[in-house]
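Per-entry structural report
Listed here are the chains, written in short residue letters.
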Amino acid sequence: MSELTAHLDVPLDRSAPAAARRAVAAVLEGWGFHDADWLDAAAVVVSELVTNAVRHGGGCVSLQLEAHGGRVIVSVADGSSVVPRRRDPDGVGGRGMALIEALSAGWTVENYQGGKRVRVELPHLDRESPRGCP
């Protein structure tokens, strides 16, 4: 089974979540993931991860996608070592980690280049194999 990876540097401004959503959708569709509901859920996860990294992370923000068959991992790295946590929603935010937990198969945090990397496994989905790929 083949492994696919993509690495994206994310702009450090308010356009980052939208840019990341568009890029991830294009990559996943190119890899053969076409289920609209699954892609929408993936976009929400990416948007929340990138929003958290830009708002709270500091330093450079990078996004990585990995696909192993129907298993997809989304990772976002930033310059802060502060581990994200679920908190009660308020008028400013607090819903991101709850959304990520609801739409994923699980998430972890690891030390990464002086900061952290949040890795989220999306729910398993069978994808169409591109022509010429097993």
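Worth saying up front: this structure is predicted, and the values here are computed from it rather than measured. (Residues numbered from 1 in each chain as written. Predicted model: local features only at pLDDT ≥ 70, side-chain atom pairs only at ≥ 80, totals over all residues. Heavy atoms only, no water.)

Brief notes about the side chain of Asp78
Here Asp78 shows up in strand β3 (residues 71-78). Looking at Asp78, its side chain comes within polar contact range of the side chain of Lys116, at 2.9 Å. Not counting residues within four places of it along the chain, the set of residues in contact with Asp78 comprises Ala53, Gly57, Gly58, Cys60, Val61, Gly115 and Lys116. (Helix = DSSP H or I, 4+ residues; strand = E, 2+ residues; numbered from the N terminus. Polar contact = N/O pair within 3.5 Å; in protein donor to acceptor, adjacent residues only side chain to side chain. Contact = heavy atoms within 4.5 Å.)

Quick word on empty space enclosed by the protein
If you walk through the whole model with that rule in mind, you get one cavity of 30 Å³ or more. Taken as a whole, the largest cavity encloses approximately 50 Å³ of empty space. Secondary structure elements with two or more residues in the lining of the largest cavity: β2 (61-68) and β3. Tallied by class, residues from the lining of the largest cavity come to four nonpolar, four polar and one charged. (1 Å grid on protein atoms, 1.4 Å probe; cavity = no way out; pocket = protein on both sides within 12 Å on 5 of 7 lines; lining within 4 Å. Points joined across faces, edges and corners; volume = space filled by probe spheres on them. Nonpolar A, V, L, I, M, F, W, Y, C, P; charged D, E, K, R; others polar.)

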